[in-house]
Amino acid sequence: MHWWFPGDGNAYSTLGGKIDDLFYLILVIVSVTFVGTSAALGYALWRGAAIKADEKVWFSHGSHSLEVIWTIVPSAVLLFIALYQLDVWAEYRMKGFAKEKDGSPKIITVVAEVTARQFEWRIRYPANGKPLKPTPQPDDIYSVNELHVPTGGLVSITLRTDDVQHAFFVPMLRVKQDAVPGKMIPVWFDATMPGNYEMLCAELCGWGHYKMKAMLVAQSADDFEAWKDKASAEQFDDGYRKPAE
Amino acid sequence: MFRENFPISMPRFTRTGFNVLVTFGLAVINSGCGEAPQAKFKYRPTTEDLIPEANKAVVKTLTEDFGTPEKLVAWERFPVDYGGVKGTVAANDGPAGAFSVTLDGDAGKIAKGASLLWVTGSQAGGKSAEATVKSFNAVTKTLQLASASTAPVAGDRFIVAFGEDMQLGRVVYMKNCMHCHGVTGDGDGPTGKFLNPRPRDYRNGKFKFTSTQSQEKATRDDLHRIVQYGIPGTYMPSFLLLGKRETTAVVEYVRWLAIRGEFEKRFVEELTNDYSESVIVDSIKKAQASYEEKKRNKEEAEKPLSESKAKKEAAAAFKKYVDDKELDGAIEETANLLAAAWTQSETPEVSVVPTSQRVEDTPESRERGRLLYMSNTTKCYTCHGPTGRGDGAATEDFWDKPGTSVKFEKRGLHDEWGNPLKPRNLTLGQYRGGRRPLDLFRRIRAGIKGTPMPAFGETVLKDPQVWDVVNYVMSLPYQQKQPTAVKHPAEVVAKNEEKPAN
Ligand SMILES: [Cu+2]
């Protein structure tokens, strides 16, 4: 049923399901509207053609009540959509700043700083057990075109760009956020299942835009830590191997 | 234009004394996207400057031994993995055209329709028509050919799907790299002009960020790393998701382009002194001047040759050069040299490996490193500046073009390709050749090839001293407290996290 969605059609984030629901709601509204207006148009055409020469026509042009109806009904629909989606939008953009219902601060793991540049993603993680600092630290871990995140909880990345505007897009998690020069934008999301998800640039950023294809690797918290240890060991490799005795 | 289904043609002997030369044919199968412009290898200006006879000989050699982008030629003398599975006929016992074989490699590559080349035996050397595989039975190891030509005998060597990887490499290169690095690998692709630093021109056979000693070529692994992770701070992007097979293939193609380019360079250098038009014109001009000088002084003098006569003489000399097999000798010599160099780079002996562990990164070690950095034995500061910002005194000077006494028009250092080059700003923590301590160790110990960044290995610095310098260099980005004018969202979030409840 979800065949038109990216990947296997399922959303692999908590919010993703809600976004899909919104999509379906809007799809239904739009379909009903489309079918209804098409039917009305068809009827008008048929009725107009079938009219007898001596029959009196009904002029709808300038009808006050009709105008009122088709102003109020769509407005109501739009207002409904606007209000109905507020919660999802808030969860996506604001609730990271808010506290939990019981007053405790939200637990969000700040995973990495993701910097888009023409035409790749450069990523900086804090060392295991340390928070991400705004400026590079000596023990930071780096990767390129491969963003690792832990599953099972809200994570956040800091999105930046080195040059022009780009957009961070993980279709299977239904996350999309523009990267704007001069800004550092927090992006919250979660991945419900470990796996590799396609990560793309969704803002035409130059001739190499299509090359900004990367991978988001969602791993269990343990695997994520293990990966960071491994990446750190590799990054701080001094190449010295004890000669075999 | 560059699809993956280009057929391969049979071996071809161009010159005796050479190993097997094989061409990958390219009957252009056009599937409805219109004629694409033909891709061509460009020649160096020094090649174009040769007298027509010599130019023709160089172009002929390059075309026969390396082919064109549309029709590659695999010169087996070079250590390039062109791809394919080699095997030996075990016994010719089956029905016509079928025989059992032993394979050196992966049988998975043998598909119906793959071409088969005979390397040894009565059919080798292009004497038989190209053979095609009809079927291969992996269990009985029986190969059935589409047509039964003269029967092979046990022990005959063959290659199936020869050149497959090379063709894949070409496709990957044309899709992903050509627009910067150029069809010829001269760094002059359509986008190349607009980039700083310029894309690498492979034709010097030199790569900057390698694991080998300062006079050696790059290894496959070095190039693999570059393609996977890109070069931070430049326009060379990361191709991490390219796929293992594709990456390996494109690395092989880049090596081949580098070999082709350097072959042309060295070969033409052999000829330039005697057979280049501009050299001939120059020498006539000089001779004319001295002739006139002498005449003015009423000395006895011989009138120099006219230009056309001099060229005719050069052409005659070149003919003798060819007849005396000296041209073949030059080709042989150049090929030998390159084959040896590219083979040697893969050997462990030339790899730069620290003989001692990284010195512990203590303030004392950094201080020792700083003193070395500021000392006149290394002179790091003259290029990288006393504070490491890449603004040393050397960037203010005008430097000679290598091997001449002509100065560059621009101030500051240049690399071997003639492009202006700034010493790295070491306070940014951006390392083009990789950020592992090992990478920096290699940069300092073996230098950066093709650039003024010298090698400080054994002669100037011992390994523990190199480590002290590495520790100092790696501490530079974190020395001064950077002002945090913008409030970082990570900080905001982190604060939220740290704040106690309520
Ligand atoms: Cu982009």
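1. Things to note about the overall build of chain B
Link 1 in the chain: Per the secondary structure count, chain B includes 14 helices and 10 strands.
Link 2 in the chain: Each of the 502 residues in chain B was classed as buried or not, and the buried ones make up 48%.
Link 3 in the chain: Once local pairs closer than 6 in sequence are excluded, the contacts in chain B between residues at least 24 apart make up 66%.
Link 4 in the chain: If you sum the accessible surface of chain B, you get close to 24900 Å²; carbon and sulfur atoms cover 53% of it.

2. Remarks on the overall build of chain A
Link 1 in the chain: A count of helices and strands for chain A gives 4 helices and 10 strands.
Link 2 in the chain: Mapped in sequence order, the helices and strands of chain A form the string α-α-α-β-β-β-β-β-β-β-β-β-β-α.
Link 3 in the chain: Radius of gyration (C-alpha) of chain A: 26 Å, far over the 18 Å computed for a compact globule of 245 residues.
Link 4 in the chain: Considering only C-alpha atoms, chain A reaches an extent of 110 × 50 × 35 Å along its principal axes.
Link 5 in the chain: Across the 245 residues of chain A, 38% fall into the buried class.
Link 6 in the chain: For chain A, the share of sequence-separated contacts (at least 6 apart) that also reach a separation of at least 24 residues comes to 61%.
Link 7 in the chain: With 24 positive and 29 negative side-chain charges, chain A shows a separation of 4 Å between the mean positions of the two kinds.

3. Topic: the coordination of the copper ion
Residues and elements named next belong to chain A.
Link 1 in the chain: Protein ligation of the copper ion involves His166 (ND1), Cys201 (SG), Cys205 (SG) and Met212 (SD), the donor distances falling in the range 2.1 to 2.4 Å.
Link 2 in the chain: Here the copper ion is ringed by 4 donor atoms whose angles at the metal span 92 to 123 degrees, and the overall shape comes out tetrahedral.
Link 3 in the chain: Expressed as a motif, the donor residue spacing for the copper ion is H-x34-C-x3-C-x6-M. Note on accessibility: cysteine 205 and methionine 212 belong to one class, buried.

4. Re the pairing of strand 7 (residues 175-179) of chain A
Residues and elements named next belong to chain A.
Link 1 in the chain: Residues Val175, Gln177 and Ala179 of strand 7 are buried on one face, while the alternating residues Lys176 and Asp178, pointing to the opposite face, are not.
Link 2 in the chain: Where strand 6 (residues 166-170) meets strand 7, 5 bridges bridge the pair, whose relative direction is antiparallel. Within strand 7, the residue paired with alanine 167 across the bridge is aspartate 178.
Link 3 in the chain: Following strand 6, the chain reverses through 4 residues before pairing antiparallel with strand 7; arginine 174 in that reversal takes a positive phi of roughly 60 degrees.

5. Section: the interface of chain A and chain B
Link 1 in the chain: Taken together, the contact between chain A and chain B spans 41 residues of the former and 43 residues of the latter.
Link 2 in the chain: For the chain A and chain B pair, buried surface summed over both sides reaches about 3400 Å², with 62% attributable to carbon and sulfur atoms.
Link 3 in the chain: Put simply, chain A and chain B have 0 salt bridges between them.
Link 4 in the chain: Summed over the shared surface of chain A and chain B, the number is 10 residue pairs in polar contact (both at pLDDT 80 or more).
Link 5 in the chain: For the side of chain A that touches chain B, the secondary structure elements donating two or more residues are strand 1 (109-117), strand 2 (120-125), strand 3 (141-144), strand 8 (185-189), strand 10 (214-219) and helix 4 (221-235) of chain A.
Link 6 in the chain: If you tally residues by element for the side of chain A that touches chain B, the top one is strand 1 of chain A, at 3 residues.
Link 7 in the chain: Its residues placed into classes, the side of chain A that touches chain B shows 20 nonpolar, 10 polar and 11 charged.

6. What to know about the pattern of salt bridges
Residue and element names in this part refer to chain B.
Link 1 in the chain: For the structure shown, the criterion picks out 42 salt bridges over all chains.
Link 2 in the chain: Across the salt bridge formed by lysine 42 and aspartate 186, the nearest N and O atoms sit 3.3 Å from each other. Of this pair, lysine 42 sits in the loop between strand 2 (21-23) and helix 1 (45-48) while aspartate 186 sits in the loop between helix 4 (178-181) and helix 5 (220-229), and the two are 144 residues apart along the sequence.
Link 3 in the chain: For lysine 60, the salt bridge identified is with glutamate 64, shortest N-O distance 3.6 Å. Placement of the pair is lysine 60 and glutamate 64 together in helix 2 (residues 52-66), with a separation of 4 residues, close to one helical turn.
Link 4 in the chain: With a relative accessible area of 49%, lysine 60 lands in the partly exposed category.
Link 5 in the chain: Sharing partners across several salt bridges, the network here consists of Lys42, Asp186, Asp188, Lys193 and Arg198.

7. So, the nonpolar core
Residues and elements named next belong to chain B.
Link 1 in the chain: In terms of nonpolar packing, the biggest core is built from 65 residues, with Phe78, Tyr82, Tyr173, Tyr253, Trp256, Phe263 and Phe318 touching the most fellow members.
Link 2 in the chain: Mapped by element, the contributors of at least two residues to this core are helix 2, strand 4 (71-75), helix 3 (164-176), helix 5, helix 6 (244-275), helix 7 (277-296), helix 8 (307-323) and helix 9 (326-344).
Link 3 in the chain: It is helix 6 that provides the largest number of residues to this core, a total of 14 residues.
Link 4 in the chain: For phenylalanine 318, the residues in contact, after removing those within four places along its chain, are Ile51, Glu53, Ala54, Ala57, Leu271, Tyr275 and Leu327.

8. Examining the sheet that holds strand 7 (residues 115-118) of chain B
Residues and elements named next belong to chain B.
Link 1 in the chain: Pairing is antiparallel around the closed barrel formed by 6 strands, whose spatial order is 5-6-9-8-7-10. Sheet twist, expressed as the mean angle between neighbouring strand axes with direction ignored, is 45 degrees.
Link 2 in the chain: Here 3 bridges tie strand 7 to strand 10 (residues 157-160), and the two strands are oriented antiparallel to one another. By the bridge assignment, leucine 117 is partnered in strand 10 with isoleucine 159.

9. Looking at the side chain of Glu70(B)
Residue and element names in this part refer to chain B.
Link 1 in the chain: Looking at the element boundaries, glutamate 70 is found in the loop between strand 3 (67-68) and strand 4.
Link 2 in the chain: Here glutamate 70 is buried and forms no salt bridge, its nearest opposite-charge partner arginine 170 lying at an N-O distance of 6.8 Å.
Link 3 in the chain: A distance of 3.4 Å separates a polar side-chain atom of glutamate 70 from the backbone nitrogen of alanine 39.

10. Digging into unusual backbone geometry
Link 1 in the chain: The residue after Gln118(A), namely Phe119(A), is reached through a cis peptide bond having omega 0 degrees.
Link 2 in the chain: Looking at the element boundaries, Phe119(A) is found in the loop between strand 1 and strand 2.
Link 3 in the chain: Note the cis peptide between Asn196(B) and Pro197(B), where omega equals 0 degrees.
Link 4 in the chain: Its location among the elements puts Pro197(B) in the loop between helix 4 and helix 5.
Link 5 in the chain: The backbone of Arg174(A) sits at a positive phi, close to 60 degrees, despite the residue not being glycine.
Link 6 in the chain: With respect to the helices and strands, the residue Arg174(A) is situated in the loop between strand 6 and strand 7.
Link 7 in the chain: The phi torsion at Lys325(B) lies on the positive side, around 65 degrees, for a residue other than glycine.
Link 8 in the chain: Topologically, Lys325(B) is positioned in the loop between helix 8 and helix 9.
Link 9 in the chain: For Lys325(B), a relative accessible area of 56% gives the class exposed.

11. A closer look at a negative patch on the surface
Link 1 in the chain: The grouping of Asp222(A), Asp223(A), Glu225(A) and Asp229(A) at the surface amounts to a negative patch.
Link 2 in the chain: Its place among the elements puts Asp229(A) in helix 4.

12. Let's talk about the domain arrangement of chain A
All names here are of chain A.
Link 1 in the chain: Each assigned domain of chain A is listed with its residue range as follows: domain 1 (14-93) and domain 2 (109-235).
Link 2 in the chain: The distance between the C-alpha centroids of domain 1 and domain 2 comes to 40 Å.
Link 3 in the chain: Each partner contributes residues to the interface: domain 1 has 7 residues there, and domain 2 has 11 residues.
Link 4 in the chain: For the pair domain 1 and domain 2, the summed buried area comes to about 700 Å², and 37% of that belongs to carbon and sulfur atoms.
Link 5 in the chain: Our enumeration of links across domain 1 and domain 2 arrives at 1 salt bridge.
Link 6 in the chain: Close ionic contact of aspartate 20 with arginine 174 constitutes a salt bridge, the shortest N to O distance being 2.7 Å.
Link 7 in the chain: Our count for the contact surface shared by domain 1 and domain 2 stands at 4 residue pairs in polar contact (both at pLDDT 80 or more).

13. So, the confidence of the model for chain B
Residues and elements named next belong to chain B.
Link 1 in the chain: Summarising the model, chain B shows a mean pLDDT of 83, and 86% of its residues fall at 70 or more.
Link 2 in the chain: Under a pLDDT of 50 for its full length, residues 25-32 has, in the predicted model, 21 contacts with residues more than four places off or in other chains.
Link 3 in the chain: Long-range and interchain partners of residues 482-502, a stretch whose pLDDT sits below 50, account for 33 contacts in this model, where long-range means more than four residues apart.
Link 4 in the chain: This complex was scored by the predictor with a pTM of 0.86 and an ipTM of 0.83.

Conventions used here
Residues numbered from 1 in each chain as written. Chains lettered and ligands numbered in written order. Predicted model: local features only at pLDDT ≥ 70, side-chain atom pairs only at ≥ 80, totals over all residues. Heavy atoms only, no water. Helix = DSSP H or I, 4+ residues; strand = E, 2+ residues; numbered from the N terminus. Buried < 20%, exposed > 50% of the residue type's maximum accessible area, 1.4 Å probe, protein only. Contact = heavy atoms within 4.5 Å. Areas by Shrake-Rupley, 256 points an atom, 1.4 Å probe, with all protein chains shown as cover. Rg over C-alpha atoms; globule rule 2.2 N^0.38 Å. Lys, Arg positive; Asp, Glu negative; His and termini not counted. Charge placed at Lys NZ, Arg CZ, Asp CG, Glu CD. Donors = N, O, S within 2.8 Å, 3.2 Å for Na, K, Ca; no water. Tetrahedral: all angles 85-135°; square planar, octahedral: opposite > 155°, others 65-115°. Pairing = 2+ DSSP bridges. Buried area = accessible area lost by both parts, 1.4 Å probe. Salt bridge = Lys/Arg side-chain N within 4 Å of Asp/Glu carboxyl O. Polar contact = N/O pair within 3.5 Å; in protein donor to acceptor, adjacent residues only side chain to side chain. Nonpolar A, V, L, I, M, F, W, Y, C, P; charged D, E, K, R; others polar. Core = buried A, V, L, I, M, F, W, Y, C linked by side-chain atoms within 4.5 Å. Axes fitted to C-alpha atoms, helices over the stretch in contact; angles between N-to-C directions. Patch = residues over 30% accessible without salt bridge, like charges linked within 9 Å, V, L, I, M, F, W, Y side chains within 5 Å. Domains from an automatic or database assignment. pLDDT = per-residue confidence, 0-100.

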